[in-house]
Amino acid sequence: MPPGFVKIVCTMKRCFLSFCWLVLAFSSVLAQQGFTIDGRVVDDKSNPVAGASVRLLNTSRQTFADAQGHFSLGHAPAGTVILEVTAVGYASFVEHVVVKSNVEGLSVMLHQKSKQLDEVVVSAQKEEELLQRLPVSVTHISATQVQEYRLWNSKDITAIVPNLFSYDPGDKRNVISVRGITTTSYDPAVATYIDGVNQFGLDTYIPQLFDVDHIEVLRGPQGTLYGRNAMGGVVNIITKRPTNQPAGFGEISIGNKGQQRYAAGIRVPLIKDKLFFGAASLYDHLNGFYWNDFNHSKYDRQNNATGNYYLKFLPGNQWALTLNVKHSSWVNHGPFPLVNGVEDAFKNPFHLSQNAVTQMNDNTGNASLSAIYTGPAFSFSSQTAYQSNARIYKTPIDADFSPIDGVTIINNYGGDWNKVKVWTQEFKFSSAASLRTPFKWTAGAYLFYQDNPVKQATHYGADAALLGSPDANFSLINIAKGKSDGLALFGQATYTISSKLDLTAGLRYDYEHKKQSVRGQYQHDPAPTPGFDYRSDTLAKASFRAVSPKLTLGYHASTNSLVFLSYSRGYRAGGLTSLPSDPSQANSALYSFKPEYSNNIEAGVKNMLLQNKLMVNITAFYTTVNDAQVPTLVLPAGVVITRNTGKLTSKGAELELAATPAGGLELDYSFGYNQAKYTTLKLAQNGTEVNLKGKYQLFTPDVTSMLAVQYSYALNKARTSRLVLRGEWKYVGRQYFDLANTIKQDAYSLLNTRFGFEAKQFSVLFWGRNLANKTFIGYAYDFGAVHLGDPKTIGATVQVRF
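Nothing here was measured: the structure is a model prediction, and the numbers come from that model. (Residues numbered from 1 in each chain as written. Predicted model: local features only at pLDDT ≥ 70, side-chain atom pairs only at ≥ 80, totals over all residues. Heavy atoms only, no water.)

Q: Which parts of the structure should I look at to understand the environment of A662?
A: Relative to the elements of secondary structure, A662 occurs in strand β43 (residues 646-662). Between the C-alpha atom of A662 and that of K613, which follows or precedes it by 49 residues, the distance is 9.2 Å. (Helix = DSSP H or I, 4+ residues; strand = E, 2+ residues; numbered from the N terminus.)

This is the structure we're talking about:
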C-alpha cells in the first residue's frame, strides 16, 4: 500500500481503538439503564406461537418465545423501540413500544402468512427501518421468496426487481443493469454488498445464493451512503446469522443437464448470550448446456464449492463483534461458450466449435471483521474487509471462438499475477434508534486499497493469417500493474417536520487515486522467454473527486400510505485505460477516463391496503448520465478501451404488487418500463467518426415483468404441512447488446413452476424453469459473439430443517 494511505488507516485505527476503550469503560454503567420487555406471542385465535423470534431492531438483542408464547427481552433502552416478531408460517409483524420502565404484559398477535403480508424491515439506509415507510425505491426478497423463486444465483433476480436485468457470458461474472444504468467494465455501475461488505468489482464478488436471510435491491443512484459504482443502484444480500436458538438445514437438488446441488448449514450458540458460530457450505455441479462439435464433447461442464462462516461475540449488552469468512471456488471446463453471430447461434442452439478448450480456475476469498456499539445516545460500527480473486486459464483459451488455430489468450503466469486484492474499511456513527427526537442522522468514512497485477498474452497460432496477422506462432504479452486507493466522507440526516412530513438530506465526498504501469513483450514460438520489448514501461497516474448529494421529501398520508419525491446523484469511478497488444502503438501513453455521473429525480407512492392484504408501490423516474463511459473490446487482444464519449437519458415507471386475495392464495407482480437512449454518442470506427445519437442503451430491456401465483393447501389446522403449486411468468422486453443496436433480442417470455409438499422441518419440491424451452440471447459482445440464455431445466429439491 502507499505510505500515505497506510498512515491514514493507522491513524483512524488508533482513534477507533481509543474510542472503543472509552466506550467500554462506560458501557457497563450505561447497560444498567436498560429495561426489560415481557410479553406473549399468540395467533389470531389466541393460541401461543412457540419459538417466535422477537428482535429489537438496530441492536444485537434477540429472544425467542417459549412453549406458551412468553418472551422476555432485556436491556431495552429508554425511548421508542421497534420489535420485529417473526415465526415460520406467519406474516412478520412490527411493534412500536414506548419504554419508560420495565414493560409487562405486551401482547403480539401474528396472522397466518396466507392471510396477511409481511411487515418488511430493510437496512437500505444502513439503519433498520420499515420498508413501506422508507422514501426510497427498494425491492425486498425474503428468505421464503428466495426458496419459492428458486434463486440460486444473483442473476436470477432479473424482472423480479422492476427494470433490473442481469446475465453473464458463461464465466459466472454477472453484468447488472438497473434503469438503463449498466455495467460495461470491471467497475460495476450497480454495487453489490454481501453482509455489509462492498463487493469491490466483478472480480471479487460471489454470485451464488444459499442460506440467504433476505435480499434488498435499491433502485436509482445511491451515491450518498454507498459511494462509488452505485450510480444505478445497490444489490444488498444478507445471509442468515447464528442466534441463541440452534438451527440448521440440509438440501439436495437433482436436475437434468447433470445438475447436482448440495447445501448444508448450522447455526449454534457456543456460549448462550455470548458466543455464536455459524457455517454454511454449497457444492454445485452442472454438466453444461453446450456441445463442442470440434471434439465431440460437452463444453461448459462446471463445479463450484462455496462456504460462509460466522463467529459472533457479544462482550456486553451494547457490543457485538463478528468475524465472517467466505470463499468460492469455480472449476469451469468451458468458461466462454460463445458463437460468432446471432444467426449461427440460433441455427444450431447450444452447439459451438472451438479448438482451444481449457479449464478456468476462479477462486474468490472474502473476510471481514465488524464491531458494533449500540448506545443510549448514538450507535457506532466499524467494518474491516479483505477480498481477493485469482482467475487462471489452465491452458490457452480460445479467443476467436472457432475451430481454427487463430488466436488464444494465456494468463497462467504463476501466483504473483492475475490476482486482485482489495482492502476496505468503513466507520459509521448514527443517532440512537430509540431517541425520541425529530432529528436522525448517520455519518461516516470509507477507505479502500486495490492491487491488480495482470499478465496476459495474446497468442497468434498457425492460422493467424486468416485473421489478418502478418506473422504466425508468436505471442504479444501485456503486463499491467494497477493500484488504486481512496477515501470517502458521508453523512445523511432526516428531520421529521411534522407527524406526516419528513425531509432527508445527504452528502458524500469521494477521492480516488489510481496508478498503472504497462509493458509489452514479444515472444516467438518455441522460444522459452520473450525476445524483446515492443513497448517499454509506461506509467500513468490519475486522481478523481466526486460529490454526491441527495434530497428527499416524504409525506405520510396515513399510517399505510407514503408519497415521496427525491433527487439523488451517483457516480462510477474513472480510471486508466489499457492499450491493446499492438506493436504499432509502442509509443502511445496511457490516458485516463473521467468518472461517469448520473442525476436522478423520482416520485413514488407506497400503499399497504386491506388490512395488510394488498401492497401497491408505484415509482416514476427520470435519469441523465453525463460523461458516459463507453467501452470497446479490442480483439483479439481481449483488452477493453474506455472513453468518455456520451450522454444518456433514461426514464420510466415501476410497479410492485403483492396480495393475499384468498386463503392459501398468494400473488406477486412486478413491472418495469424503461426507455434509455443516448442523446449524444460519437465513436471512432475504422478511422471515421460514427454518430450513434438516439441509439438505445445496452443490456436494458424496455419492459420487465414477473407474475408469480402460488396456492397452498393446508393438510392440518396449524398449516404446518401443506401442498404447494406455483406458476411464474417472466417477460423480458426488447433489448440490444451493442451501441449501434445491430445485435437485438426481441421480447420473450419464460414459464417457471414449482410444486410439492412442505412441512415445518421437511419439504420435497419439484421445479421447472423455461418450460417452453425458449431460445434467447442471454449475453452478447459488441463484436458479435453470442451466449444463449439457459434452456429448459427441471429437477427436484429435498430439504430438511431444524
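Q: How do you make sense of the sheet that holds strand β1 (residues 35-43) when you look at a structure like this?
A: The pairing of strands in a sheet happens through backbone hydrogen bonds and is either parallel or antiparallel. The strand order across the open sheet formed by 3 strands is β4-β1-β7, and the pairing between neighbours is mixed. If you trace the sheet from one side to the other, it starts and ends with β4 (70-76) and β7 (103-110), each paired once. Neighbour to neighbour, the strand axes of the sheet diverge by 30° on average, direction disregarded. By the bridge criterion, 6 bridges tie β1 to β7 in an arrangement that is parallel. Pairing of V41 across the sheet is with V108, part of β7. (Pairing = 2+ DSSP bridges. Axes fitted to C-alpha atoms, helices over the stretch in contact; angles between N-to-C directions.)

Q: Please clarify how the nonpolar core should be interpreted in this entry.
A: Note that soluble globular proteins tend to have their nonpolar side chains buried in a common cluster. By size, the foremost hydrophobic cluster in this structure holds 54 residues, and its most contacted members are Y290, F336, L681, F699 and L739. Among the elements of the structure, β11 (164-167), β30 (407-410), β33 (474-496), β44 (665-685), β50 (748-759), β52 (777-780) and β53 (785-788) are those that each provide at least two residues to this core. With 4 residues, β44 is the largest single contributor of residues to this core. Those residues in contact with L681 that lie beyond four places of it in its chain are V630, T645, G646, V690, N691, L692, K693 and L739. (Core = buried A, V, L, I, M, F, W, Y, C linked by side-chain atoms within 4.5 Å. Buried < 20%, exposed > 50% of the residue type's maximum accessible area, 1.4 Å probe, protein only. Contact = heavy atoms within 4.5 Å.)

Q: Help me understand the pairing of strand β27 (residues 360-374) in this model?
A: Regular strands place their side chains on alternate faces of the sheet. The pairing of strand β24 (residues 319-332) with β27 spans 14 bridges and is antiparallel. The partner of W319 across the bridge, within β27, is Y373. Two strands pair when backbone bridges link them, and β27 and strand β28 (residues 378-393) are joined in this way by 15 bridges, in the antiparallel orientation. Its bridge partner lying in β28, Y373 is registered against F380. Linking β27 to β28, which pair antiparallel, is a turn of 3 residues.

Q: Would you explain the pattern of salt bridges in this entry?
A: For side chains of opposite charge, pairing can occur when their charged atoms come near one another. Enumeration over the complete set of coordinates arrives at 31 salt bridges. Between R508 and D510 there is a salt bridge whose closest N-O contact spans 3.1 Å. Residue classification places R508 among the buried residues on the basis of a relative accessible area of 2%. On the accessibility criterion, D510 (5% relative accessible area) is buried. With its nearest N and O atoms 2.7 Å apart, the salt bridge here joins R722 to E758. Pair noted here: R722 is in strand β47 (residues 721-732) and E758 is in strand β50, with a separation of 36 residues, a long-range link. Residue class for R722 comes out buried when judged on its relative accessible area of 18%. You can call E758 buried: its relative accessible area is 15%. Through salt bridges with shared partners, one network takes in R179, R219, E602, E654 and E656. (Salt bridge = Lys/Arg side-chain N within 4 Å of Asp/Glu carboxyl O.)

Q: Got a minute to help me understand the packing of aromatic side chains in this structure?
A: Aromatic ring pairs are defined here through the distance separating the ring centres and the angle between the ring planes. In total, this model carries 28 aromatic pairs according to the counting rule given. When the centroid spacing of 5.2 Å and the interplanar angle of 65° are considered together, the rings of Y290 and F350 count as edge-to-face. One end of the pair, Y290, is in the loop between β20 (275-286) and β21 (291-292); the other, F350, is in the loop between α4 (342-347) and β26 (351-352), and 60 residues separate them in sequence. By relative accessible area, Y290 is classed as buried at 3%. A centroid spacing of 5.4 Å and a plane angle of 25° characterise the contact between F474 and Y522, whose relative ring orientation is stacked. (Phe/Tyr/Trp six-rings, centres within 6.5 Å; stacked < 30°, edge-to-face > 60°.)

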